[in-house]
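In case you want the letters, here they are:
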Amino acid sequence: MSVAEQSAFALMNAGKMEEAQTAFEEILKNSPRSAAALAGLGYVAMKKEEFASAVEYFEVAKAAAPENKAVKEALDTSRFFLYQQSGTRAMNAGELARAKGDFQEALTLRPSDLGALQGLGGTLMKMGDYAGAAPVYEKLVKAKADDAELWRNLFQARLAASGPKASLALLKQLPGGV
């Protein structure tokens with residue numbers, strides 16, 4: 001890594017995102033395929049929560065340095081957060097089919113992520129797909145057994161999908177204090 005690249009990363013690590021971005025862009029003017037500078041711009045974009053830009057930078061960085069595991073991991077992380085962000089925006093805008101697809105994509109990258117599971121479960125509930133939401137909430141209550149809202153959502157999903165017997169059976173599984 002060049003001195004200029006090290007300096008740009010030091011700026012980024014110090015929280016000086018605008019200065020770091022400028023430094024990485026300057027490096028790219030002289031060395032357009034610098035994997036370090038491209039990755040640096042990806043990290044800056046991630047810190048700014050501009051995940052679409054981060055994905056673009058990391059894809060180019062990965063093409064320039066396909067053996068770099070850190071770049072591949074950062075690309076996967078950026079994609080995950082892009083799907084999460086997009087899914088949340090779609091759900092808030094009432095674009096439920098798109099939200100469902102985005103949360104499912106996020107879960108292909110991180111199958112146990114509680115935020116992505118909650119996003120998918122909430123989307124399925126809004127879509128009226130209670131049979132689909134129930135197993136999602138079952139995973140969530142296993143991970144967060146003390147979360148009363150998750151239990152309530154599971155209860156509602158089972159009630160709508162399978163009727164009162166399935167919901168009442170759930171009451172026997174509730175931990176104390178929920």
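Relevant structure appears above.
Treat the numbers as computed from the prediction; the structure is a model and nothing was measured. (Residues numbered from 1 in each chain as written. Predicted model: local features only at pLDDT ≥ 70, side-chain atom pairs only at ≥ 80, totals over all residues. Heavy atoms only, no water.)

Topic: the overall build of the protein chain
Link 1 in the chain: Summing up its helical and strand segments, the protein chain has 10 helices and zero strands in all.
Link 2 in the chain: The linear arrangement of helices and strands in the protein chain, starting from the amino end, is α-α-α-α-α-α-α-α-α-α.
Link 3 in the chain: Its C-alpha atoms give the protein chain a radius of gyration of 21 Å, clearly above 16 Å, the size a compact globule of 178 residues would have.
Link 4 in the chain: Dimensions along the principal axes, computed over C-alpha positions, put the protein chain at roughly 70 × 30 × 30 Å.
Link 5 in the chain: Looking at the protein chain as a whole, 40% of its 178 residues qualify as buried. (Helix = DSSP H or I, 4+ residues; strand = E, 2+ residues; numbered from the N terminus. Rg over C-alpha atoms; globule rule 2.2 N^0.38 Å. Buried < 20%, exposed > 50% of the residue type's maximum accessible area, 1.4 Å probe, protein only.)

Observations regarding the packing of aromatic side chains
Link 1 in the chain: Under the criterion given, the structure shown has five aromatic pairs.
Link 2 in the chain: Seen in terms of ring centroids, Tyr43 and Phe58 are 5.0 Å apart; in terms of plane orientation they differ by 75°. Their pairing is edge-to-face. Of this pair, Tyr43 sits in helix α3 (residues 35–47) while Phe58 sits in helix α4 (residues 51–64); the two residues are 15 residues apart in sequence, bridging distant segments of the chain.
Link 3 in the chain: By relative accessible area, Tyr43 is classed as partly exposed at 24%.
Link 4 in the chain: Judged by its relative accessible area of 0%, Phe58 falls in the buried class.
Link 5 in the chain: Judged by centre distance (5.1 Å) and plane angle (75°), the ring pair of Phe80 and Phe81 falls under edge-to-face.
Link 6 in the chain: The exposure class of Phe80 is buried, given its relative accessible area of 1%.
Link 7 in the chain: Following the ring pairs from residue to residue traces out a cluster consisting of Phe9, Phe24, Tyr43 and Phe58.
Link 8 in the chain: Residue placement shows Arg110 over the ring face of Phe80; its charged tip is 4.5 Å from the ring centre. (Phe/Tyr/Trp six-rings, centres within 6.5 Å; stacked < 30°, edge-to-face > 60°. Lys NZ or Arg CZ within 6 Å of the ring centre and 35° of its normal.)

Let's talk about the pattern of salt bridges
Link 1 in the chain: This structure, assessed with the given rule, holds eight salt bridges.
Link 2 in the chain: Note that Glu59 is salt-bridged to Arg79, the shortest N-O span being 2.8 Å. Linking Glu59 in helix α4 with Arg79 in helix α5 (residues 69–92), this pair joins segments that are 20 residues apart in sequence.
Link 3 in the chain: Assessed through its relative accessible area of 36%, Glu59 is described here as partly exposed.
Link 4 in the chain: Asp76 serves as the salt-bridge partner of Lys72, at 2.7 Å between the closest nitrogen and oxygen. Within this pair, Lys72 and its partner Asp76 are both found in helix α5, separated by four residues, close to a single helical turn. (Salt bridge = Lys/Arg side-chain N within 4 Å of Asp/Glu carboxyl O.)

Thoughts on the nonpolar core
Link 1 in the chain: In this structure, Met12, Phe24, Val44 and Phe58 are the most contacted members of the largest nonpolar core, which totals 25 residues.
Link 2 in the chain: For this core, the secondary structure elements donating two or more residues are α1 (3–13), α2 (17–30), α3, α4 and α5.
Link 3 in the chain: No other element matches the eight residues that α3 contributes to this core.
Link 4 in the chain: Once residues within four sequence positions are removed from consideration, Phe58 is found in contact with Ala39, Gly42, Tyr43, Met46, Val71, Ala74, Leu75 and Ser78.
Link 5 in the chain: In terms of nonpolar packing, the next biggest core, distinct from the first, is built from 24 residues, Ala106, Leu117, Ala134 and Trp151 among them. (Core = buried A, V, L, I, M, F, W, Y, C linked by side-chain atoms within 4.5 Å. Contact = heavy atoms within 4.5 Å.)

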